[in-house]
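Per-entry structural report
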Amino acid sequence: MRIWHQSFTVLDDLGAYHQALQQHFARVARPDTQIDLHGMHPGTYRSNYPGTDIRHASLQYVHALQFMTAAVQAQRKGYDVYAISTLPEPALREIRGMVDIPVVGYGESAMLTACMLGRKFGVLVFIDDLNELIADNAHGHGLASRFAGAMPVGFTFQDVLKGFDDPSELIERFRAAARRLIAQGADVIIPGEAPMNVLLAKNGVTEVDGVPVLDSLASWIKQAEALGDLRRLCGIRASRKGFYHAPPDLDRVSEVFSFYGLDRPGSSS
């Protein structure tokens, strides 16, 4: 099975995180699963931190066009699954209506898995401005009644990049934030952004005071594998009735991308 991983970061700018992702995927994916890591175009952001842009709904919307063009590339190149590896899940519903291969969202898969582990889940994030978007996504996934809220974790993206060398302080700060979310009603904790998730998973953080800390990346991979298997073995595909009706012809999609200057290839590693 071949899975196209699509990050909201420029992966080549993030050595420690990039390496940790590769190691984590190698550990949790099946031996016959190939996960190819792809990031945003070099130069997409002013620095190695995408959050300065992602916190703005307008810029996030424009950057989501890279996710759409990458999804078309994934289908054209014969990938079995297209997997969006970022909590905001840019253009998730549009991509599902554009390509015919299974599309897995990081946040959606984490929320659905959390619902099988407890009654209410909460999300810890770097970017406080994303709290409302996460709540909207939970509602859009039909899970508003299971959502205990989102709150800042108390450290930054740059802290996590430095923390791969010595994570002890960040782990304690994460636990303190998780306890605040547990007091708010969460009985499953989702580490929101993927860099935070992989740091915690790398260091074996799986619970706080008996409340599970979900490895969102692992659940995202396993759901991608499951959807790929369901399609290959059972012929199960996304619904084409209603919202996700039959996707447009990919040649027409390519023409539209070209018209708007969106036809350059993405970065990969």
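The present account deals with the structure reproduced in this document.

About the thresholds
Here the residue index of a chain counts from 1 through its sequence in written order. This being a predicted model, a pLDDT of at least 70 is required before a residue's local features are given, and a value of 80 or more before pairs of side-chain atoms are given or counted; all residues contribute to the totals for chains, interfaces and linings. Side-chain numbers here rest on the full set of heavy atoms in the structure, without hydrogens or water. Each helix is a run of H or I in the DSSP string that is no shorter than four residues. Each strand is a run of E no shorter than two, and both are numbered from the N terminus. Each residue is assigned to one of three classes by its accessible area relative to the maximum for its type, calculated with a 1.4 Å probe on protein chains only: buried under 20%, partly exposed between the two thresholds, exposed over 50%. Each accessible area is a Shrake-Rupley result for a 1.4 Å probe, and residues are judged covered by the shown protein chains and nothing else. Salt bridges, as used here, are contacts in which a Lys or Arg side-chain nitrogen is within 4 Å of a carboxyl oxygen on Asp or Glu. Patches here are clusters of residues that have more than 30% relative accessible area and form no salt bridge, with a 9 Å joining cutoff for like charges and a 5 Å cutoff for nonpolar side chains (Val, Leu, Ile, Met, Phe, Trp, Tyr). Multiplying 1.5 Å by the residue count of a helix minus one yields the expected span of that helix. The arc refers to the directions leading from the helix axis to the C-beta atoms. Two residues form a contact once any of their heavy atoms are found within 4.5 Å. Only buried Ala, Val, Leu, Ile, Met, Phe, Trp, Tyr and Cys residues count toward a nonpolar core, and they belong to the same one when joined by side-chain atoms within 4.5 Å. Pairs of strands are assigned from DSSP output, requiring at least two bridges between the strands. Here is how to tell: hold the view so the strands point away, follow the path from the first strand over the helix to the second, and if it runs clockwise the crossover is right-handed. Between N-to-C directions, angles cover 0 to 180 degrees, with each direction set by a line fitted to C-alpha atoms, over the stretch in contact for helices. Orientation is classified from the angle alone, with under 35 degrees giving roughly parallel, over 145 giving roughly antiparallel, 65 to 115 giving roughly perpendicular, and any other angle giving oblique. Note on convention: near helix rotated counterclockwise from far helix by under a right angle means a left-handed crossing. Clockwise means right-handed.

Our next topic: the overall build of the chain. Check the secondary structure of the chain and you find 11 helices and 10 strands. Projected onto the principal axes, the alpha-carbon positions of the chain cover approximately 50 × 40 × 40 Å. Residue burial in the chain is summarised as follows: out of 269 residues, 54% are buried. Entry remark: accessible area of the chain is about 12,300 Å², with carbon and sulfur atoms responsible for 53%.

We now examine the pattern of salt bridges. Scanning the entire structure with this criterion turns up 15 salt bridges. With a shortest N-O distance of 3.1 Å, Arg 231 and Asp 100 are connected by a salt bridge. On the criterion of sequence distance, the pair formed by Arg 231 in helix H10 (residues 216–234) and Asp 100 in the loop between helix H4 (92–96) and strand E4 (103–105) is long-range, its members being 131 residues apart. On the accessibility criterion, Arg 231 (22% relative accessible area) is partly exposed. Between Arg 173 and Glu 169 there is a salt bridge, with the nearest N and O atoms lying 3.3 Å from each other. Highlighted residues: Arg 173 and Glu 169, both in helix H8 (residues 168–183), separated by 4 residues, approximately one helical turn.

There is a patch of nonpolar side chains on the surface, built from Leu 227, Leu 230 and Ile 236 and spanning about 230 Å² of accessible area. According to the relative accessible area criterion, Ile 236 is partly exposed, its value standing at 47%.

Here the focus is H8. In this model, H8 (16 residues) spans 23 Å end to end at C-alpha, consistent with the 22 Å of a helix rising 1.5 Å per residue. Where H8 is concerned, the buried positions are Leu 170, Ile 171, Phe 174, Ala 177, Ala 178 and Leu 181. On an axial view of H8, the arc spanned by its buried residues comes to 125°, and they lie on one face. Facing away from the buried side of H8 by more than 90 degrees, the exposed set consists of Glu 169 and Ala 183. Summarising the contacts, the buried residues of H8 are in contact with strand E5 (121–125), strand E6 (147–152), helix H7 (157–163), strand E7 (188–191), helix H9 (194–202) and strand E8 (207–208).

Next up on the list: the nonpolar core. Tyr 82, Ile 95, Phe 121 and Phe 174 are the most contacted members of the largest nonpolar core, which totals 93 residues. For this core, the leading source of residues is helix H3 (residues 57–76), giving 7 residues.

Counting buried residues in strand E2 (residues 34–39) gives 5 out of 6 residues, a clear majority hidden from the surface. Two strands pair when backbone bridges link them, and strand E1 (residues 2–7) and E2 are joined in this way by 5 bridges, in the parallel orientation. Directly across from Arg 2, in E2, lies its bridge partner Gln 34. Chirality of the crossover, the property in question, places the unit of E1, helix H1 (residues 15–28) and E2 among those that are right-handed.

On to the environment of Ile 182. Within the element layout of this structure, Ile 182 appears in helix H8. Spatially, the C-alpha atom of Ile 182 lies 32 Å from that of Asn 48, the residues being 134 residues apart in sequence. Setting aside residues up to four positions removed in sequence, Ile 182 forms contacts with Ile 189, Val 208 and Val 211.

With that settled, the discussion passes to the sheet that holds E5. In spatial order, the strands read E6-E5-E7; together these 3 strands make up an open sheet with parallel pairing. Edge positions in the sheet fall to E6 and E7, since each of these pairs with one other strand and no more. Shown here is a sheet whose adjacent strand axes are inclined to one another by a mean of 20°, direction ignored. For E5 and E6, the ladder comprises 5 bridges, and the chain directions are parallel. Counterpart to Val 125 in the pairing with E6 is Pro 152.

Turning to the packing of H1 against H9, a few remarks are in order. The relative placement of two packed helices is expressed as an angle between their axes plus a distance between the axes. At their nearest, the axes of H1 and H9 sit 10 Å apart, and the two run at 60° to each other. The orientation of H1 relative to H9 falls into the category oblique. Seen from above, H1 lies across H9 with left-handed handedness. Note on element contacts: H9 touches H1 through Ala 194, Pro 195, Val 198, Ala 201 and Lys 202, opposite Tyr 17, Ala 20, Leu 21, Gln 23, His 24 and Arg 27.

Across the 5 residues that make up strand E3 (residues 81–85), a large majority, 5, are buried. On E3, burial covers both faces: Val 81, Ala 83 and Ser 85 on one face and Tyr 82 and Ile 84 on the other are all buried. Sheet topology note: the E3/E4 ladder contains 3 bridges and is parallel. Following the sheet pairing, Tyr 82 is matched in E4 by Val 103.

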